[in-house]
Each structure stands twice: as structure tokens, then as C-alpha cells.
Number of protein chains: 2
Amino acid sequence: MTPDEIRVSAFVAHGDVVLKGAAEGPLAGLTFAAKDLFDVAGTRSGWGNPDRLEEAPVSLTTASALLPALAAGATLIGKTHTDELASGMFGENPHYGPPINLRAPGRVPGGSSSGSAAAVAAGICDFAFGTDTGGSVRVPASFCGLFGIRTTHGRVSTAGLMPMAPSFDTVGWFARGAAMLRKIGGQYVGFAEANPRLLLAEDAFNICVPEVSAALRAAAAKLGGATPVALYREGIPHWLDTFRPLQLGELWATHGTWAMQPGRRLSPLVAERIALAGQVPAPAIARAWAAREALAGRLQALLAGDGILVLPTAHDLPPKVGAPVSAQIEFRDRTLALTCVASLCRLPQVNLPAGEINGVPIGLSLIGPSHGDAMLMAAAEALAPALA
Amino acid sequence: MTPDEIRVSAFVAHGDVVLKGAAEGPLAGLTFAAKDLFDVAGTRSGWGNPDRLEEAPVSLTTASALLPALAAGATLIGKTHTDELASGMFGENPHYGPPINLRAPGRVPGGSSSGSAAAVAAGICDFAFGTDTGGSVRVPASFCGLFGIRTTHGRVSTAGLMPMAPSFDTVGWFARGAAMLRKIGGQYVGFAEANPRLLLAEDAFNICVPEVSAALRAAAAKLGGATPVALYREGIPHWLDTFRPLQLGELWATHGTWAMQPGRRLSPLVAERIALAGQVPAPAIARAWAAREALAGRLQALLAGDGILVLPTAHDLPPKVGAPVSAQIEFRDRTLALTCVASLCRLPQVNLPAGEINGVPIGLSLIGPSHGDAMLMAAAEALAPALA
């Protein structure tokens, strides 16, 4: 594949825009991209769907989350593909095709922030913004061999972004190196030193397929001195059963009315998911909210101010492009058991590239305490050399 | 005024809907209303603006935040007026008029959750939901002599609500008594005991006009044993200068494109505010974000897990209906110095009715630690009798 093919695959056609960054600043000279959920003045936000793109006004405004990067001197070079309505883990948007994963040709880049990950992996820009509700930055970071952060919920503004499940929605970004990840982070959450207390989520590794589990356990061992803990004390099904009704319920509240309009062009998988979301009963949502707070409270006590939980980012290598839907659903549900932890508990998480299996990247994650984003990125930078 | 006049003034005409609550549950038999920013299946969400109302689809969905109340047995009886796009502190929506404040006839009910407060104050329903970005539950609670909570940011889902400034937007509710406030809260944040460490924000009382300051200091003294602290160590202007660019910047990102469409029917004050919002430069927003985190960090350390800050809710009695715009702006900016604290720091805050001056209600506030909502409502219930 040529650089141009990758570029075409990763960037949306309607987002051909450049917003010059400030002439001076800590990010001067850097370039970045933003997922097509971020409003950018002069463009439309297509949200990965052709109907939405048609309806979308040309924005006069730029999403709040992009402003610190621009003010610090970085230049926005375009908008990138997303799974439809950010509802997907693989990046295989049926309307626009999957962005090319340079690090694992023939395999998906991961989603829903697929184009942003693909663009950074291919070196088209220095960093790129995505959003992460249930794993949409962490999974593509893992699949594309990138550093990627999902920030603490509420820490970076979501103004001017498509909402998906607002109590889970966060802004994140990708970079090829830990130093760059942290440098961007400095403009959002400042800088901090790390003197973390590492906790190894023993049981989380059991979720992975054996080959990935073994490789990530070996990688985690290189970090040194992590205290083993049982993460899923309530059982993995309880975590998933808490996440699903809440996320689906919010997806329904956010997009149900729009998605159910007759004649809507929506891929069958997403249409079905939203219809399913409308079936979640109110009592199930109320119960799940209470369960969520109990989980979040336990994790907060576990991490306190300085704990960092080490766990796999995804349970397996990125699937090949065009895998059957049934395999995709099975994959999603299994990796979701890993990604739902930070989502439910509103915590920041960083993916660190942790080597390759047969040339395909795998990723190890660090989950930090609430609002410990700066410390977490410092820890990622300190620990990354051990995995290189 | 008749009960019917109050009802007509508080409820939107297009939100004539009843959603029956579950037959059994802890809230069975109670009735509630929701601000017209909350989507309710079968209605349109007008957001306080006639153009938006025309454009709005009939919703198939109900905002996530209303589901626990319905599941617990409470019945929704209608949707209530709001300031236009939730941009206002007084409830004087020029398109629909102000809801009647039964507790202070001739004075505004406060906004932007004006109709919800007016409806509860008049006894039309047992409780009502509002939203609070910069004071939109706290101020009308104070003006109408109600208990009202702004929850910890991110604690209650905003899915299916109009976003305003998402990093500040929260869900809240009103009740006539502290026990009811807490009973509703149990369905959202559970119950907790309170053994709070009271901190008296000495300098916050100086923001009030002398008569209100004296009355609220006397009320606070009745709570007993609060340790005096200096809240505004960075200076009041710094707090306001941090809040304004962020809130305006997000308002612009959220509604700028829509509001600036030619021919838009928007009240001059709101139109001007949004146009102003578009002028906030990106570097000012980036600086304010960093300043916000420093303030939030200091308050977090101050409150730790058990601290409750006691301060006035508003600096003066509710203005009379029809006050000149210049007086409204001056009022808003001064009360904002009080309300911006919890907004910037993402903290929960409860208004407690604290008596009257010439028959007009005044309110004392408690700000709790992040995610201390349940403890805060327990504290409000324990402390309320001292103020009665």
C-alpha cells in the first residue's frame, strides 16, 4: 500500500480542512487529526454515517477539546473516519471501509477512533484525537501499536462532540511515543511526576487467548514489582451486566429517535444495536447505576491516589478485515470485559505497545486513579522503555 | 393567583404527557416534572426556544436520568419551562414568560430550571428535575424556598438532555423537604450516613448584600461548629475569570452553529451572549482549563472525603419580575461568584431554605466532596431542622 492509500483510507473526504496552530507554543510545528465526531469550523461532522453527513450543518465552531492543541501551536490537518455513530470496536465502517492498519496489514485498525489511530500509525500526523466510551481509543491504540489515552471522565471537555453515552464518553489521543503522548497531555492535564504503586490485575490476563495472555504477562513482568490483585471480585459477568444496560440505555436516549426514523441509512449491525438499546427496561438501568457506583467505589479505594492497575488492553490480536459478524460480536464482548473497567469507573487508561506476535502489535494497559491522568502519562513514559 | 395560573406558567404547553411510574417501589405514588431539556418519549424538547421546538422531532426516547424515578414508581406529569437554551439565572424567558414564584409573588423564580422550581414550590408535584451548569438548580431552589441538589458532575447521566456546557452540565432535583430530596437521591446515588466536618466559607458571605449576609451568617451559626476557611484564596476575579471562558467556550461549541443561523428567533440577550461566546480566544480557554484543575485540586484537598463547605447560595433576594437587563447582568455576575465554585470543581451542592427576609426566601448552601452526594443529602436532612 502507498502512503496515499493509507491517507485516503483514514481521512474523511468531507473534512478537507487545515486549522493552523498558533505560531509559537509547546506543540508548535506538530500536526494532528481529529475523529469525525469533533466539530471543526468550516466542516461538517459526519459521525460515520451518510445521512448525518447530509443533515449536518457546516460548523461555525470547533470542539472545545481541540482548542488547547491549536493554542499550543499544533496544526489540524483533517478529520478521520469513525465507526458509524462511534458504535464499533473494529473500524469497519460499511459506508466508508476500514482505515488501513499499517502495523498489521490485512487486519482492522480497531475502532471506533479508527482513522485517527491509522493516521498516527502511518506517520501522517504526530498525534490525533479520538473519543473513548467503551474502548474506542484504547482498542485501536492496541491494534495499531500506539500509545493512546482515555482521559478521566469529565476531565477534557466534550463540547462540540457527538455524544454517544455521555456518562462514559471521554476524549483521548494517540501518539507513536510515550513522550509525545505526555507532551500533548501537558496542554490538557498538566504534567506530574510518577511514583506509582503498580497493581497487577491477575485475573484480567485470563480473559486473553493463551498466546496473548502469555506475551502480556511476560511484558507486565518486565515492569517489575507489581502487586497481584483480583480485579473481578464480583465476577466478570457482573461487570459486563453493569456496563451493557447503561451504555445501551444512553445510546438509545442519545440516538434512538434519530436512528429510528423511517428510511434511515444505517448499517444493519448498528440499527440492530440501537433497536436492542431501546429494549433495555428502566429497572435494569436503575439497578446497573447502583452497581456501577459500588464498582467505582471499590476501584477508587484500590487505586487511592497513586495506584496503577496493569492489565491487557484487548484479549486477542486485531481480527482480519472482513471477519464474520458473529466472530466480531464474540470478540467485542470479550475485550469489553477488559475495557469496561475504566469506562464504568470513569478512570483514565493508557495503552502501551508491548511487542508483537507474528508481527502484529499487542498492548498492555495502565489504569490510573480518577484525575490521575498526568501521573499516568508520566508512568507510561517511565515504563515504556522496559517494553520496547 | 390561582393554582391553574401557576400551573400554566410553569409547564410547557407542548409537553402535555404522563409517564406512569412503576406500580410499586420506593417512590410509588409520587409525582414529578422535568425541565424541557429532558427528552420524554412522545413529546418534543423545546429547550425554551420556539425555533428549536419547531425543529425538534417527537422523541421516541426518555432521558436516562428520568428512568430511575419512573422505575421506582414516580409518575411524570409534564415538562417545565426553562430559560432559553438554559442560558439564564432568572426564569424570565421572553418567549413564554416567567413561571410564577408562589413563595415570592412578583419576583422571579430563578433559572434556568424555573418551571421545575415553580411547580414544586406551588405543590403541583412532589419533586422535579432540572439541570445545573452554573447555578440553574441552586439559584431557583434558593429563590423559591426549596431544597435542591446539583449532583457531582458525571454522577447522573445526561443522555437525552440538551447539552449546554458539557464539562459543567449536571442533573439536579427540587423538593419541598430535605427528606424528600434525599429519598429521590436514594434512587440515584444511594443512601449514606453523614458525619460531616463543616467548613464555613467566611469570605463567601462578603459577596452578599448586607441584609442577606447577616441573615445567612446567623443561619450558618445555627448549624454549629463550622471551622472558618478562606474559600477565595486566589481572589474572586480569578474564579470568575476561570469559569467564564470555559463556560462560554463550551456554549459556543455546543450551540454556536445553530444559534448563528440567519433568521434565528433568539432573544437579544441570549443571542448576544452566544455571539460573545464565539469571541473567546483559544489560548484563554486553554489557560482557564489549567486554572480550573488547580482550583478543583485545592477544593478536593480541602473537603477530602468528609468536608462540607457552608456558603450562601445567592448574594441577594430574587429580583422583581421585569428588572432592567443591566441590573440582571450585575446580579448574575455577583451570584455567579458563589455558584461557580461547585461548577468549576465538579462538586455536588445542596440549597437549604434558611428563612425569609420580608417574606422572601433565602438559601444557604452545602458543597460536598466529589461523589459525596449521598452524604451531602444526609447532612442536609440532619441540618435542616436547625434552620426551620
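Residues numbered from 1 in each chain as written. Chains lettered and ligands numbered in written order. Predicted model: local features only at pLDDT ≥ 70, side-chain atom pairs only at ≥ 80, totals over all residues. Heavy atoms only, no water.

Draft legend 1. Structural context of the sheet that holds strand S2 (residues 75-80) of chain A. Residues and elements named next belong to chain A. Here we have ten strands laid out as an open sheet, ordered S2-S1-S3-S5-S4-S9-S10-S8-S6-S7, and mixed in their pairing. Bordering the open sheet on either side are S2 and strand S7 (227-229), each of which pairs with just one other strand. The mean inter-strand angle of the sheet, taken between neighbouring strand axes irrespective of direction, is 30°. Where strand S8 (residues 307-312) meets strand S10 (residues 360-367), four bridges bridge the pair, whose relative direction is antiparallel. Looking across to S10, one finds that leucine 309 is bridged to isoleucine 367. The strands touched by helix H6 (residues 178-189) are strand S3 (127-132), strand S4 (147-150), strand S5 (170-175) and strand S9 (349-357); relative to S5, the strand with the most contacts, the crossing angle is about 145°. Relative to the sheet, helix H11 (residues 282-303) contacts strand S6 (197-201), S7, S8 and S10, its axis offset from that of S8 by approximately 115°. (Pairing = 2+ DSSP bridges. Helix = DSSP H or I, 4+ residues; strand = E, 2+ residues; numbered from the N terminus. Axes fitted to C-alpha atoms, helices over the stretch in contact; angles between N-to-C directions. Contact = heavy atoms within 4.5 Å.)

Draft legend 2. Broad picture of unusual backbone geometry. All names here are of chain A. Here glycine 111 and serine 112 are connected by a cis peptide whose omega angle stands at 10°. Structurally, the position occupied by serine 112 is in the loop between S2 and helix H4 (114-121). Of note, the phi angle at alanine 304 is positive, near 45°, even though the residue is not glycine. Note on alanine 304: relative accessible area 42%, which makes it partly exposed. A positive phi angle is found at histidine 371, which is not glycine, with a value near 65°. Structurally, the position occupied by histidine 371 is in the loop between S10 and helix H13 (373-387). With relative accessibility at 30%, the residue histidine 371 sits in the partly exposed group. (Buried < 20%, exposed > 50% of the residue type's maximum accessible area, 1.4 Å probe, protein only.)

Draft legend 3. Structural detail: the confidence of the model for chain A. On average, residues of chain A carry a pLDDT of 97, and 100% of them reach 70 or more. The complex model carries a pTM of 0.97, and its ipTM stands at 0.95. (pLDDT = per-residue confidence, 0-100.)

Draft legend 4. Region of interest: the sheet that holds strand S3 (residues 127-132) of chain B. Residue and element names in this part refer to chain B. Pairing is mixed across the open sheet formed by ten strands, whose spatial order is S2-S1-S3-S5-S4-S9-S10-S8-S6-S7. Both outer strands of the open sheet, strand S2 (75-80) and strand S7 (227-229), are each paired with one neighbouring strand and no more. Averaged over neighbouring strand pairs, the angle between their axes works out to 30° when direction is ignored. Where strand S6 (residues 197-201) meets S7, three bridges bridge the pair, whose relative direction is parallel. Bridge pairing in S7 places leucine 199 opposite threonine 227.

Draft legend 5. Summary view of the interface of chain B and chain A. Every contact between the two is made by 38 residues of chain B and, on the other side, 38 residues of chain A. The largest per-residue losses of area from chain B upon contact with chain A belong to B:Thr61, B:Ala253 and B:Thr257, which jointly make up 18% of the total buried on that side. Where chain B touches chain A, the interface holds two salt bridges. Of the charged contacts, one joins A:Glu293 and B:Arg155 as a salt bridge, the two residues approaching to 3.3 Å between their closest N and O atoms. Counting the contacts that link chain B with chain A gives ten residue pairs in polar contact (both at pLDDT 80 or more). If one sorts the elements of the side of chain B that touches chain A by residue count, helix H9 (residues 236-259) of chain B sits on top with seven residues. Residue composition of the side of chain B that touches chain A, grouped by class: 18 nonpolar, 15 polar and five charged. (Buried area = accessible area lost by both parts, 1.4 Å probe. Salt bridge = Lys/Arg side-chain N within 4 Å of Asp/Glu carboxyl O. Polar contact = N/O pair within 3.5 Å; in protein donor to acceptor, adjacent residues only side chain to side chain. Nonpolar A, V, L, I, M, F, W, Y, C, P; charged D, E, K, R; others polar.)

Draft legend 6. Spotlight on helix H6 (residues 178-189) of chain B. All names here are of chain B. Over its twelve residues, H6 extends 15 Å from the first C-alpha to the last, a length consistent with the 16 Å expected when each residue adds 1.5 Å. Taken across its twelve residues, H6 has nine buried, putting it largely inside the fold. Taken as a whole, H6 has its buried residues at Ala178, Met180, Leu181, Arg182, Ile184, Gly185, Gly186, Tyr188 and Val189. Buried-residue contacts for H6 involve helix H3 (67-71), S3, strand S4 (147-150), strand S5 (170-175), strand S9 (349-357) and helix H13 (373-387). Just downstream of H6, glycine 190 is the residue with a positive phi angle, here 75°. (Expected span 1.5 Å × (residues − 1).)

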